[in-house]
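Residues per chain are reported as follows:
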Amino acid sequence: MFSFSEQNNLFGRRCVWINGLVIAGAGPSGLAISACLKDQGIPFVVIERSDCIASLWQKRTYDRLKLHLPKRFCQLPKAQKFDIKPQFNECVQSAKFDEACKLWCVKTVSTAGSVRSETEYICQMLVVATGENVEGVIPKIEGLKEFSGEVIIHAKDYKTGVKYVYTGKNDLVVGCGNSGMEVSLDLANHNAKPSW
Ligand SMILES: NC(=O)C1=CN([C@@H]2O[C@H](COP(=O)(O)OP(=O)(O)OC[C@H]3O[C@@H](n4cnc5c(N)ncnc54)[C@H](OP(=O)(O)O)[C@@H]3O)[C@@H](O)[C@H]2O)C=CC1
Ligand SMILES: O=C(O)C(=O)Cc1c[nH]c2ccccc12
């Protein structure tokens, strides 16, 4: 049923035909869609640039993170249960829809090791499930370069206030979203002196 055929194209690139969908991203959305497709026996391949599923949740969260929503809104499909095996360390570079053939051509490059290997997936449908919060943004703040205090970190790299205990210095948290408020609380719980 899962018909993937593979060969090299004219440029020596690996070329894979997927008789179904390509899903870009193995985060919660990509996994949820994969689980539904698996249930219905529809062929797909998941491309993930990181080396694990839900990498933002596994690698970019602070220690005290807990969801505030009721459990029923936060359930993740189990990749193992649905036998979902993403192509890890592979990053989608481009996706073009060929109007004549009614097919997508999705180009990827492997992100593992030193040898760059490219692949082209030809498929009927493409799902972009690459998330909305993956890139950390540090706004351009005047004077930031000259600031002599400890280098400011982004919330994605913050783990715990343990590091900042009893320094006697003031900490400034920029942003009053969930991350900003919870980092501030964590700093306060560790006797740091946050303002926001
Ligand atoms: N426990 C949980 O479940 C958690 C959930 N989350 C979720 O993750 C998502 C991202 O959250 P979060 O990381 O907090 O990001 P958000 O985008 O929600 O919040 C960022 C905040 O920073 C402010 N901001 C941006 N630039 C500046 C600036 N230059 N100066 C001052 N303030 C600035 C924004 O203000 P403005 O909007 O005016 O631009 C906004 O209030 C959200 O959906 C959130 O709910 C995050 C952490 C924990
Ligand atoms: O449980 C909360 O407080 C949330 O903010 C949940 C939530 C909504 N949108 C998000 C995007 C990324 C991470 C968590 C959430």
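All residue numbers refer to position in the chain's written sequence, counted from 1. As a convention, the first chain written is A and the first ligand written is 1, with the rest following in written order. In keeping with the model being predicted, local features are shown solely for residues with a pLDDT of at least 70 and side-chain atom pairs are shown and tallied solely at 80 or more, while totals for entire chains, interfaces and linings include all residues. The side-chain figures draw on all heavy atoms in the structure; neither hydrogens nor water molecules are used.

An unreviewed UniProt entry lists the protein chain under the name FAD-dependent pyridine nucleotide-disulfide oxidoreductase, from Artemisia annua. Checking UniProt for the protein chain, the heading Cofactor (unreviewed entry) contains the comment "FAD". UniProt positions are given in the numbering used here, feature names are shortened, and annotations may be inferred rather than shown by experiment.

What follows is about unusual backbone geometry. Positive phi values are uncommon outside glycine, yet Asp 83 reaches one of about 55 degrees. Secondary structure follows DSSP: runs of H or I at least 4 residues long count as helices, runs of E at least 2 residues long count as strands, and numbering of each begins at the N terminus. Locating Asp 83 in the fold gives a position in the loop between α2 (55-59) and β5 (90-98). With a phi angle near 60 degrees, Lys 102 is a residue other than glycine that sits in the positive phi range. With respect to the helices and strands, Lys 102 occurs in the loop between β5 and β6 (103-110).

Now for the domain arrangement of the protein chain. In this document the domain limits rely on a domain assignment from an automatic tool or a database. Partitioning the protein chain into domains gives domain 1 (13-128) and domain 2 (135-195). Centre-to-centre separation of domain 1 and domain 2, based on C-alpha positions: 33 Å. When checking whether two residues touch, look at their non-hydrogen atoms; a contact exists if any pair is within 4.5 Å. At the junction of the two partners, domain 1 supplies 9 residues and domain 2 supplies 14 residues. Where domain 1 abuts domain 2, roughly 990 Å² becomes buried across the two surfaces, and 38% of that area is made up of carbon and sulfur atoms. As used here, buried area is the combined drop in accessible area, with a 1.4 Å probe, of two parts when they are placed together. If you sort the residues of domain 1 by the area they bury against domain 2, Arg 60, Tyr 62 and Arg 64 come out on top, with a joint share of 62%. Counted as salt bridges are all cases of a side-chain nitrogen of Lys or Arg within 4 Å of a carboxyl oxygen of Asp or Glu. For the pair domain 1 and domain 2, the interface holds 3 salt bridges. One salt bridge in this structure joins Arg 49 and Glu 135, with 3.4 Å as the shortest N-O distance. Polar contacts here mean pairs of N or O atoms no more than 3.5 Å apart (in protein, one a potential hydrogen donor and the other a potential acceptor; neighbouring residues in sequence count only if both atoms are side-chain atoms). Our enumeration of links across domain 1 and domain 2 arrives at 7 residue pairs in polar contact (both at pLDDT 80 or more). A class-by-class count of the residues in the side of domain 1 that touches domain 2 yields 2 nonpolar, 2 polar and 5 charged. Asp, Glu, Lys and Arg are counted as charged, while Ala, Val, Leu, Ile, Met, Phe, Trp, Tyr, Cys and Pro are counted as nonpolar; the rest, among them Gly, fall into the polar class.

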